[in-house]
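Single-letter residue listing:
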Amino acid sequence: MMEATVRRQHPDAAREVARLMRALRPESFPAYHQVRVDPAGRIWIHDYNNVQPRGWTVFTADGELAARVVVPRSQGRLVGFGADHVVVRHQDGDGAAVLAIHDLVPVEGSPSGGR
């Protein structure tokens, strides 16, 4: 609604805003959001914000693909990890922060166990 008003009342300004928006849009996005290493030496690579579903790709210390971890936004946000668990932060019904610890369960045939 406001955009339409700006276009009608200030057509030159609206064209300039549109031009700037096109000029400021990047041609590419970063390959990842962040990289962390857990106590077991695994490398956790967090997807860039525009990737959906947003999650983490986990590699062994030797660089082999170990896992893919996705925490739906509605379930919270991954905020930490240990050798055999992850920590997820979410809000309870009153808006208070809650930390939940979830065990990492090796998938059969994965480099981290379960054959």
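Up top is the structure these notes are about.
As a convention, each chain's residues are numbered from 1 in the sequence order in which they are written. The predicted nature of this model means local features are confined to residues of pLDDT at least 70 and side-chain atom pairs, given and counted, to a pLDDT of 80 or more, with totals for whole chains, interfaces and linings taken over all residues. Derived side-chain values reflect all non-hydrogen atoms in the structure, with water molecules and hydrogen atoms excluded from consideration.

Visitor: Just give me the short version of the environment of Ala40, but keep the residues and values in it.
Guide: A run of H or I in DSSP becomes a helix once it reaches four residues, and a run of E becomes a strand once it reaches two; helices and strands are each numbered from the N terminus. Residue placement: Ala40 occurs in the loop between strand 1 (34-37) and strand 2 (43-46). Each C-alpha atom, one on Ala40 and one on Phe81, is 9.8 Å from the other, the two residues being 41 residues apart in sequence.

Visitor: Lay out the environment of Phe59 with the relevant residues and their values.
Guide: Note that Phe59 resides in strand 3 (residues 55-59). With 15 residues separating them along the chain, Phe59 and Trp44 place their C-alpha atoms 6.6 Å apart. Whether two residues are in contact is decided by their heavy atoms: any pair within 4.5 Å suffices. Every residue in contact with Phe59, bar those within four places of it in the chain, is listed here: Arg42, Ile43, Ile45, Glu64, Leu65 and Ala66.

Visitor: Describe the packing of aromatic side chains, listing the residues and the values that go with them.
Guide: In this scheme Phe, Tyr and Trp rings, the latter by its six-membered ring, pair at centre separations within 6.5 Å, and the angle between planes marks the pair as stacked below 30 degrees, edge-to-face above 60, and tilted otherwise. Scanning the model with the defined rule gives three aromatic pairs in all. Summarising the aromatic geometry, the rings of Trp44 and Trp56 are spaced 6.2 Å apart at their centres and angled 75° between planes, so their arrangement reads as edge-to-face. Taken together, the residues Trp44 in strand 2 and Trp56 in strand 3 connect sequence positions 12 residues apart. With a 1.4 Å probe rolled over the protein chains alone, any residue whose accessible area is under 20% of its type maximum counts as buried; one over 50% counts as exposed, and the rest are partly exposed. Relative accessible area serves as the criterion here: at 1%, Trp44 is assigned to the buried category. The exposure class assigned to Trp56 is buried, which follows from its relative accessible area of 4%. A ring pair is formed by Trp56 and Phe81, whose centres lie 5.7 Å apart and whose planes are at 80°; its orientation type is edge-to-face. Here Trp56 is found in strand 3, whereas its partner Phe81 is found in strand 5 (residues 77-81), with 25 residues between them in sequence. Members of the aromatic cluster, each reached through a chain of ring pairs, are Trp44, Trp56 and Phe81.

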